[in-house]
Amino acid sequence: MANHEQPETKLETHSAVYYHWRVWELTGLMRPPGVSSLRYVVYSIAVNLMVTVLFPLSLLARLLFTTNMAGLCENLTITITDIVANLKFANVYMVRKQLHEIRSLLRLMDARAMLVGDPEEVSALRREVNIAQSTFRTFASIFVFGTTLSCIRVVVRPDRELLYPAWFGVDWMHSTGNYVLINIYQLFGLVVQAIQNCASDSYPPAFLCLLTGHMRALELRVRRIGSRPEKSSTIAQSYEVWREHVYQELVECIRDLMRVHRLREIIQRVLSGACMAQFACSAAVQCTVAMHFLYMADEHDHTAMIISIVFFLAVTLEVFVICYFGDRMRTQSEALCDAFYDCNWVEQLPKFKRELIFTLARTQRPSLIYAGNYIALSLETFEQVMRFTYSVFTLLLRAK
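Visitor: Is there a simple way to explain the packing of helix α2 (residues 18-26) against helix α7 (residues 176-223) in this structure?
Guide: Closest axis-to-axis distance for the α2/α7 pair is 9 Å, and the angle between their directions is 145°. Taken as a pair, α2 and α7 cross one another with a handedness that is left-handed. Across the interface between the two elements, His-20, Val-23 and Trp-24 of α2 pack against Ile-195, Gln-196, Ala-199, Ser-202, Tyr-203 and Ala-206 of α7. The residue inventory of the contact of α2 with α7, partitioned by class, reads 6 nonpolar, 3 polar and no charged.

Here it is, written out as structure tokens:
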């Protein structure tokens, strides 16, 4: 019976990025425990040279050799998306120390939640973990669909065509061997890149979920401060003893708040560059796809039009997701601030009220994560992005 209950008593919120961590290990960013350092370095260099470096270079080379505007728009969309995806992937390597720091900090915060032992807090944390994992699976489904669509396009075309327009310096149109080898390489590179991109696109929402969950747990903890114990207990033996105990509860919650602020600061450093790259990529791809779709797309090439629409929706969805989860986190930070007002402070010691005032002064401004330390991740930002996209699309439509 104890074995069945053990999973329910364990809390590990870092499992929200479990899939991402496995991807980073698989693609050469995080060395798994028990693996030789030298062997993993050789593996990491080989995989990233073959895919992370060579794959976008082949796309960029093809872009330079493109002579018609329709092909330029189609290739530019793919090339921009792939290069930005690789930059986000490289950003993970640059912030790997912060990722390990987040992992250690989450263990402390999980231990604190289990020590408090409130079922509602634990449930709120597990709910955010489930949301983060579901977001990864959703992105994985989208990438599987996109990869499958590219493969179907090659199969149904009457003439020879690559999975993605790229330049390899060999004649694959008239050589079956070259054609097969290049498509095998492209399929391998496409799968690896899809896995990398899936993790890169879904780890910002995952970390925002973690931050939201721990804010929610602390909110519930703060709201209970000063609540009267039921009947008589050792804590309620005297009024002064009870008030001193409540003061200690506030001090512990303030320490928890400092950990939440520390977690937000680290996540800000981790997400700033990646989210800024995503905003830039979204703007560039949306404009390029609009140009291609309105002016140069072949009306009979339905698969090319579908791929253009998929790219447009994909980059828009990526921006919406990070803005949505950023907005959730902001709303939760406001609820956490309100919780300090709602605790039972009226009956407490003067030192309790003094600490509470200082804490309220530090929590007046809602927490936000900024892309590039400038653009707030919020639904208002997404609305501005969509207005800009609509304005550009309308301008192109009038000029057509």
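Visitor: Sorry if this is basic, but what is going on with the side chain of His-20 here?
Guide: Following the sequence through the fold, His-20 ends up in helix α2. What makes His-20 buried here is its relative accessible area of 0%. Here the side chain of His-20 touches Ser-202 through a polar contact of 2.9 Å, side chain to side chain. Leaving out residues up to four positions away in the same chain, His-20 has contacts with Phe-136, Ala-199, Ser-202, Tyr-203 and Ala-206.

Visitor: I keep staring at the environment of Ile-267 and nothing clicks. Help me out?
Guide: Looking at the element boundaries, Ile-267 is found in helix α8 (residues 239-296). Under the relative-accessibility criterion, Ile-267 is labelled buried at 0%. Spatially, the C-alpha atoms of Ile-267 and Leu-210 are 9.9 Å apart, while their sequence positions differ by 57 residues. For Ile-267, the contacting residues outside a window of four places in its chain are Ile-102, Phe-207, Leu-211 and Ile-369.

Visitor: Mind showing me how you'd approach the nonpolar core here?
Guide: Side chains of a nonpolar character, in soluble globular proteins, are inclined to be buried together. Core analysis: the largest hydrophobic core is formed by 69 residues, its most contacted members being Trp-24, Leu-99, Phe-207, Val-270 and Leu-271. With 17 residues, the single largest contributor to this core is α8. Not counting residues within four places of it along the chain, the set of residues in contact with Leu-99 comprises Trp-21, Trp-24, Met-30, Val-92, Phe-207 and Val-270. In terms of nonpolar packing, the next biggest core, distinct from the first, is built from 21 residues, Leu-59, Ile-78, Val-154 and Cys-281 among them.

Visitor: Help me out: how do you make sense of a nonpolar patch on the surface in this one?
Guide: A cluster of nonpolar side chains, namely Val-41, Ile-45, Leu-49, Val-53, Leu-54, Leu-57, Leu-60, Leu-64, Phe-65, Ile-83, Leu-87 and Trp-167, defines an oily patch on the protein surface of about 1100 Å² accessible area. Mapped by element, the contributors of at least two residues to the nonpolar patch are α3 (37-64) and α4 (69-94). In terms of residues, the nonpolar patch owes the most to one element, α3, which gives 8 residues. Residue placement: Val-41 occurs in helix α3.

Visitor: Would you mind showing me how to read the packing of aromatic side chains here?
Guide: Aromatic rings considered in pairs are described by the distance between their centres and by the relative angle of their planes. Using the criterion set out here, one finds 12 aromatic pairs in the structure. Look at Trp-24 and Tyr-203: their rings are 5.6 Å apart centre to centre, the planes differ by 75°, and that puts the pair in the edge-to-face class. Here the residue Trp-24 occupies a position in helix α2, and Tyr-203 occupies one in helix α7, the gap between them amounting to 179 residues. This pair shows no difference in class: Trp-24 is buried, exactly as Tyr-203 is. Each residue in the set Trp-21, Trp-24, Tyr-203 and Phe-207 is aromatic and connected to the rest through ring pairs, giving one cluster. One residue, Arg-160, lies across the ring of Tyr-179, its end atom 5.0 Å from the ring centre. The ring of Tyr-247 has Lys-351 sitting right over it, with the charged end atom 4.4 Å from the ring centre.

Visitor: Please clarify how the side chain of Arg-330 should be interpreted in this entry.
Guide: Structurally, the position occupied by Arg-330 is in helix α9 (residues 302-342). Not counting residues up to four positions away in its chain, the partners in contact with Arg-330 are Pro-366, Ser-367, Leu-368, Ser-378 and Glu-380.

Visitor: What am I meant to see in the packing of helix α6 (residues 119-156) against α7 here?
Guide: If you want to describe how two helices pack, look at the angle between their axes and the distance between the axes. In the contact formed by α6 and α7, the axes pass within 8 Å of each other and the chain directions differ by 160°. With respect to α7, the element α6 is oriented roughly antiparallel. Helix-helix and strand crossings are classified by hand; for α6 and α7 the assignment is right-handed. Here the residues of the contact of α6 with α7 are counted per class, giving 21 nonpolar, 9 polar and 6 charged.

Visitor: What exactly am I supposed to notice about the pattern of salt bridges here?
Guide: Any two side chains of opposite charge can pair, given that their charged atoms come close. In the structure shown here, the tally under the stated rule is 21 salt bridges. Two residues, Arg-112 and Asp-256, come together in a salt bridge whose shortest N-O distance is 2.7 Å. Placement of Arg-112 in helix α5 (residues 96-116) and of Asp-256 in helix α8 is noted, with a sequence separation of 144 residues between them. Its relative accessible area of 17% is what places Arg-112 among the buried residues. For Arg-259, the salt bridge identified is with Asp-256, shortest N-O distance 2.9 Å. Linking Arg-259 with Asp-256, this pair stays in helix α8, spanning 3 residues, or about one helical turn. By relative accessible area, which is 27% here, Arg-259 ends up partly exposed. Given a relative accessible area of 4%, Asp-256 falls into the buried group. Sharing partners across several salt bridges, the network here consists of Arg-112, Asp-118, Glu-121, Arg-221, Arg-224, Asp-256 and Arg-259.

Visitor: Mind showing me how you'd approach α3 here?
Guide: A rise of 1.5 Å per residue sets the reference length of α3, with its 28 residues, at 40 Å; its end C-alpha atoms lie 39 Å apart and thus fit the reference within 8%. Helix geometry: α3 is bent most strongly at Asn-48, by close to 40°. Those residues of α3 lying buried are Tyr-40, Ser-44, Val-47, Asn-48, Val-51, Thr-52, Phe-55, Pro-56, Ser-58, Leu-59, Ala-61 and Leu-63.

About the criteria used
- Residues numbered from 1 in each chain as written.
- Predicted model: local features only at pLDDT ≥ 70, side-chain atom pairs only at ≥ 80, totals over all residues.
- Heavy atoms only, no water.
- Axes fitted to C-alpha atoms, helices over the stretch in contact; angles between N-to-C directions.
- Helix = DSSP H or I, 4+ residues; strand = E, 2+ residues; numbered from the N terminus.
- Left-handed = near helix turned anticlockwise from the far one by under 90°.
- Contact = heavy atoms within 4.5 Å.
- Nonpolar A, V, L, I, M, F, W, Y, C, P; charged D, E, K, R; others polar.
- Buried < 20%, exposed > 50% of the residue type's maximum accessible area, 1.4 Å probe, protein only.
- Polar contact = N/O pair within 3.5 Å; in protein donor to acceptor, adjacent residues only side chain to side chain.
- Core = buried A, V, L, I, M, F, W, Y, C linked by side-chain atoms within 4.5 Å.
- Patch = residues over 30% accessible without salt bridge, like charges linked within 9 Å, V, L, I, M, F, W, Y side chains within 5 Å.
- Areas by Shrake-Rupley, 256 points an atom, 1.4 Å probe, with all protein chains shown as cover.
- Salt bridge = Lys/Arg side-chain N within 4 Å of Asp/Glu carboxyl O.
- Phe/Tyr/Trp six-rings, centres within 6.5 Å; stacked < 30°, edge-to-face > 60°.
- Lys NZ or Arg CZ within 6 Å of the ring centre and 35° of its normal.
- Parallel < 35°, antiparallel > 145°, perpendicular 65-115°, else oblique.
- Expected span 1.5 Å × (residues − 1).
- Bend = angle between axes of the 7 residues up to and from the residue.

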